[in-house]
Amino acid sequence: MHATDRSAQGHATAAELRLNILLVDDDPDFLESLRIPLEAAGHTVTTADGVKAARAAFDQQVPDIALIDLMMEDADGGFTLCHAFKAKAPQLPVIIISAVTSETGLDFDAATPEERAWIKADAFLAKPIRFEQLEREILRHVQNVRS
Amino acid sequence: MNALRILVADDEAGMRHGVMRALRGLSVRLPDVDATVGVEVEEVASGEEALARVDVQPPDILLLDQKMTGMSGLDVLHALQQRGSEFLTIMITAFATIESAVQATKCGAFDFIAKPFTPDELRGVIRKAAEHLTAQRRARELAEENRRVRFDFIRVLGHELKTPLAAIENYLYLLRDRTAGEYVEAYERPIQRCLCRAQGMRKLIADLLDLTRIESGQRQRTFEAVDVAEIAREALELVAPVAEARGIALALAADGPVVLRCDRAELEIVLNNLVSNAVKYNRDGGRVDVAVQRDDPYVRIVVRDTGIGMSAEESARLFQDFVRIRNEKTREITGSGLGLAIVKKIAGLYGGDVAVASTPDAGTTFTVTLKPAGEAQADDAFARDDQSLAV
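Residue positions are given per chain, counting from 1 as you read along its sequence in written order. To label them, take the chains in the order written and letter them from A, then take the ligands in the order written and number them from 1. Local features in this predicted model are restricted to residues of pLDDT 70 or higher, and side-chain atom pairs are both shown and tallied only at a pLDDT of 80 or more, whereas totals for entire chains, interfaces and linings draw on every residue.

**Remarks on the overall build of chain A**
Rules: Note on conventions: DSSP H or I runs of at least 4 residues are helices, E runs of at least 2 residues are strands, and numbering of each starts at the N terminus. What counts as a contact is two residues whose backbone-derived C-beta atoms lie within 7 Å of each other.
Of regular secondary structure, chain A possesses 8 helices and 5 strands. Reading the secondary structure of chain A in the N-to-C direction produces α-α-β-α-β-α-β-α-β-α-α-β-α. A separation threshold of at least 6 residues defines the contact pool for chain A, and within that pool the share at least 24 residues apart is 59%.

**Some points on the interface of chain A and chain B**
Under the convention used in this document: The nonpolar class holds Ala, Val, Leu, Ile, Met, Phe, Trp, Tyr, Cys and Pro. Asp, Glu, Lys and Arg form the charged class, and all remaining residues, Gly among them, are polar.
Taken together, the 17 residues of chain A in the interface contact 20 residues of chain B. For the side of chain A that touches chain B, the leading source of residues is helix H3 (residues 28-40) of chain A, giving 7 residues. Of the residues contributing to the side of chain A that touches chain B, the split by class is 7 nonpolar, 2 polar and 8 charged.

**Some remarks on the confidence of the model for chain B**
All names here are of chain B. Operational definition: As a per-residue quantity, pLDDT reports the predictor's confidence and falls between 0 and 100.
For chain B, the average pLDDT comes to 86, and 92% of its residues sit at 70 or higher. The model gives residues 375-391 a pLDDT under 50, and that stretch makes 20 contacts with residues more than four places away or in other chains. Here the predicted complex carries an ipTM of 0.74, next to a pTM of 0.63.

**Observations regarding the packing of helix H2 (residues 47-56) of chain B against helix H3 (residues 73-83) of chain B**
Residue and element names in this part refer to chain B. To be explicit about the condition: Where helices are involved, their axes are fitted lines through C-alpha atoms of the stretch in contact, as for all axes, and angles between N-to-C directions lie from 0 to 180°. In what follows, roughly perpendicular refers to angles from 65 to 115 degrees, roughly parallel to angles under 35, roughly antiparallel to angles over 145, and oblique to any angle outside these ranges. Left-handed describes a crossing in which the near helix is turned anticlockwise from the far one by less than a right angle; the clockwise case is right-handed.
As a packed pair, H2 and H3 sit with axes 9 Å apart at the nearest point and diverge in direction by 25°. In this view, H2 runs roughly parallel relative to H3, as classed from their interaxial angle. For the crossing formed where H2 meets H3, the hand is right-handed. Where H2 abuts H3, its residues Gly47, Ala50 and Leu51 lie against Gly73, Asp75, Val76 and Ala79.

**Re the sheet that holds strand S3 (residues 35-44) of chain B**
All names here are of chain B. Threshold: Only when DSSP finds a minimum of two bridges between them are two strands counted as paired.
If you trace the 6 strands from one edge of the open sheet to the other, you get S2-S3-S1-S4-S5-S6, paired in mixed fashion. The sheet is open, and its two edges are formed by strand S2 (27-30) and strand S6 (111-114), each paired on a single side. Along the sheet, successive strands turn relative to each other by an average axial angle of 25°, direction set aside. Of the strand pairs in this sheet, S2 and S3 are connected by 4 bridges, and their pairing is antiparallel. Bridging from a neighbouring strand, Val28 pairs with Val37 of S3. Sheet strands touched by H2: strand S1 (3-9), S3 and strand S4 (61-65). Its angle to S1, the strand with the most contacts, is close to 150°.

**A short note on the environment of Asn273(B)**
Residue and element names in this part refer to chain B. To keep things clear, this is the line we draw: Neighbour density around each residue's C-beta defines its exposure: 20 or more other C-beta atoms within 10 Å make it buried, 12 or fewer make it exposed, and counts between make it partly exposed, where C-beta atoms are placed from the backbone.
Topologically, Asn273 is positioned in helix H8 (residues 264-280). A count of 25 C-beta atoms within 10 Å places Asn273 in the buried class. As for Asn273 and Leu338, which are separated by 65 residues in sequence, their C-alpha atoms are 9.6 Å apart. Apart from residues lying up to four places away in sequence, Asn273 is in contact with Gly339, Leu340, Ile342 and Val343.

Structure representation (structure tokens):
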């Protein structure tokens, strides 16, 4: 972990933080299309294409932040994973990414403490997501933990 | 319906009592829903009361006297028409005049019964109305079910189209922003993946059009004598390059031509789907064996692979729309999820079926049976199930 002295420089960019990011999604193209820009921004990215691979990667190394797709083989695979991660590493920021809102009309959010407690995630992003948006969220949640 | 609710509106007390007596203990057999229901009868003494009552608790059947002091039966009918009521009204007319009956029906009455009538006549009219009511309700439920199935189909379709679109967009953003640097070589895989996902979408749309044409019966079908073995050979040739790259052996067993009277395009869809699945879900270095056999009056097509196989639960869901067996072994395999649903529907058109036998990690065998299309079959084969979709 490369902690940056933010007090001297104002806010750090995500790149300056050089994070270990765990990216979980069952669509290999979604993984690839986020891995490339995240690595280009200086982060180390571990990708996992399912719940099992994600647990294995987590056990190898607890990441600085985890980005998890909600719906994988089993409909709530993302939630289960989230619970498991938070149980082992309560401080780990977890962002859930899903297409569930636009497709089912179900509205999830993690804006209030109650919602975060229920979902066990720190943020909820709806697909399609843009890289800039993701980078902003990563930065916000990693800094929340560190400040 | 637990009990048939009947409201009697008549200003003559004697008439109301007669009706109540005739209907007491009546049970109505409803063949459509295979049930027998009793009746609950209520009475009111005027048109105004009838309207007030139906507002509070609409009956299933309203027995309405035509001639009442105050609001007449026709006035009540007019008022009910404005409200768009769903129950059936049977008019009690004083005289069996054609005009009064016609007028009542025009105003929305379902039937009429002329005074004087016997208890049996009254029960007959009530039974007829009850049967009509259940048929109407069933039709409405079916329409609702069809709407729901259609909605589900479109929702899943939306997901299946949005996912590859999102992948392509994300890759294009990388290219636009030169995220991986200025050299085009760095983008080779993203470009390949864009093409692959676009092809997947194209295949999905093609399958969707096939499915819709088959289900809607709009497609012009041309029946001719087709050699099934020949079509199987062509299907194998189509997958030969992919099979060769993965070391998968392809073999066809057919004792000479096996001629079936059918629509060539439909037979091609069946064989192409089964053969391409047998390659896709195979292991590297495996085999695909296709056999075309005659078993009068059927032609049997057997496609056997040595692939990843599947569990009994997975097999059971296999022929539904958009079902793709998703597990770690199939993650890299692309498909529309419509192929086998289409194969099953086509087999149905030829009075046949598709059977699947599979052992996990050993392989899967699909057996399709087809009967020759007769001249008459062209039309009645399209007597479709109620769940069919026209998207």
